[in-house]
Amino acid sequence: MSTVGAAELPPAVSRALEQAGIPARSVGIVVQAVDGGTPLLAHNARQPLNPASAMKLLTTYAGLELLGPAHTWRTEALGEAAARDGRLDGNLYLRGSGDPRLGLEQFWLLLRQIRLRGVGEIRGDVVLDRSAFAVGEHDPGAFDGQPLRPYNAGPDALLVNLASIRLTLQADPSHAAVRVIAETPSDGLRVSNRLSLGREACGDWREQIRPTVSGQTIELAGSFPASCGEKALHLMPWTADAQVEGLFRALWNELGGSFSGRVRAGRTPATASVVAIQESPPLAEVVREINKYSNNVMARQLFLSLDGERPATAEGARRQVGSWLQAKGLKMPELVLDNGSGLSRSERISADSLAQLLRVAWQSPVMPEFVASLPLAGVDGTLRKRLNGSAAVGRAHLKTGYLEGVRAVAGYLLDQGGRRWIVVCLINDPKARLGKPVIDALLQWLAER
């Protein structure tokens, strides 16, 4: 089998690069059989590049090996004294362990457990214990100036519902209006709906909506196209404490409980006893959500959880990953890990290092869980509408990545001859947003072999 050199990119890939105005030096590519051997294609393979969300491959594979596919997180409710006659006379402590998947339903189940165990009235405060993670102040607008976008939430040992709320927008052409439904309960939430019904194509409808937040009021201005029908708008309108307080008060009231104290941050005393526990799904399920839908917040939660010490720190997680890579014989001198999610301007890895990682993962006992977590071309996740009609549909498990100036894909592809390949393509260029046809041309060339 011949090896394609740096100057011999597949013609379709070279044409796509030329049409996009992206120089070949801005691209790193490796194509190699899963069982190793000389790469079929290696172009700028060792150049350090920003992988965007393709960095989640490292975080999730490390998680599966270091923590195990059956690993779970526990969120505990604790009290200083046993409930008597339905009353809890002290504080109720909610202690997190970094669960990436403590959603609305799971939080409701935790509170329901508390009610079923005889607590109806909380006479003290509700104390939010986030001490399992040691993280600094997080500015949600620092990355891209979009502080209300949920993907900008920081890691949190007591992350509830991904720190966000869901609003459903419904086009109502018969009344020339847009209806807004607050799906996520929050005590005191008010929605000021100033949306107009637009006639344009649905397209990138989120960019046409201007949300602003004042206290418990969310105002929605702008236009929502009638052609969109119904869409879910996820926002992160409040600080972590305020978000959990609003959700707790609303759900506790729905469950028939009473509470007149404060919701505040704090630590659980050593003398507190467990009232109820909510356990997360196993990590094998969590990594599917992280990779299929490229969830940055969940990836950051998992990354911090890799630190075996408590409180966990990003530096501790980086040390653990470094030791693990060394033990596996993987040398990545160019690797720069920031938060493990790829939502970073500083993270770097080469196409060669990603290909090495994918080759070792293919030989790992956790390979089935890892590969199954990746989006399947033309079928689900971030690839559901990608490569349709091509030979790659249903034959490629790939993690995508996209940031301003970055386009990436990395994973596994089964060609028409029945051979499976590792494929990595990283583009770092001011015109990277035009790089999708380049990546698609590479994948189609490989799939048709």
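Residues numbered from 1 in each chain as written. Predicted model: local features only at pLDDT ≥ 70, side-chain atom pairs only at ≥ 80, totals over all residues. Heavy atoms only, no water.

### Looking at the pairing of strand 9 (residues 177-182)
Two faces make up the sheet, and in a regular strand the side chains alternate between them. Of the pairings in the sheet, the one linking strand 8 (residues 165-172) to strand 9 comprises six bridges and is antiparallel in character. Considered in strand 9, the bridge of leucine 167 is made with alanine 182. (Pairing = 2+ DSSP bridges. Helix = DSSP H or I, 4+ residues; strand = E, 2+ residues; numbered from the N terminus.)

### A word on the sheet that holds strand 11 (residues 209-214)
Here three strands make up an open sheet; going across it, the order is 10-12-11 and the pairing mixed. The sheet is open, and its two borders are formed by strand 10 (190-198) and strand 11, each paired with just one other strand. Across the sheet, the mean angle separating the axes of adjacent strands is 10° when strand polarity is ignored. Examined bridge by bridge, strand 11 and strand 12 (residues 217-225) share six bridges and lie antiparallel to one another. Opposite valine 213, over in strand 12, you have isoleucine 218 as the bridge partner. (Axes fitted to C-alpha atoms, helices over the stretch in contact; angles between N-to-C directions.)

### Side note on the pattern of salt bridges
Counted under the stated rule, the structure contains 18 salt bridges. Of the charged contacts in the structure, one is a salt bridge between glutamate 219 and arginine 194, with a shortest N-O distance of 3.5 Å. Here the residue glutamate 219 occupies a position in strand 12, and arginine 194 occupies one in strand 10, the gap between them amounting to 25 residues. Exposure remark for glutamate 219: the relative accessible area of 25% places this residue in the partly exposed category. Arginine 194 sits in the exposed class, given a relative accessible area of 56%. Residues joined in a network through salt bridges with shared partners are Arg74, Glu76 and Arg95. (Salt bridge = Lys/Arg side-chain N within 4 Å of Asp/Glu carboxyl O. Buried < 20%, exposed > 50% of the residue type's maximum accessible area, 1.4 Å probe, protein only.)

### Concerning the state of the cysteines
In protein structure, a disulfide is the covalent linkage between the sulfur atoms of two cysteines. The tally for this structure, following the rule as stated, stands at one disulfide. The disulfide partner of cysteine 202 is cysteine 228, and the S-S distance across this bridge is 2.0 Å. Disulfide cysteine 202 to cysteine 228: torsion about the S-S bond roughly 110°, handedness right-handed. In this pair, cysteine 202 is assigned in the loop between strand 10 and strand 11 and cysteine 228 in the loop between strand 12 and strand 13 (230-235), connecting sequence segments 26 residues apart. Like cysteine 228, cysteine 202 is buried. (Disulfide = S-S within 2.5 Å.)

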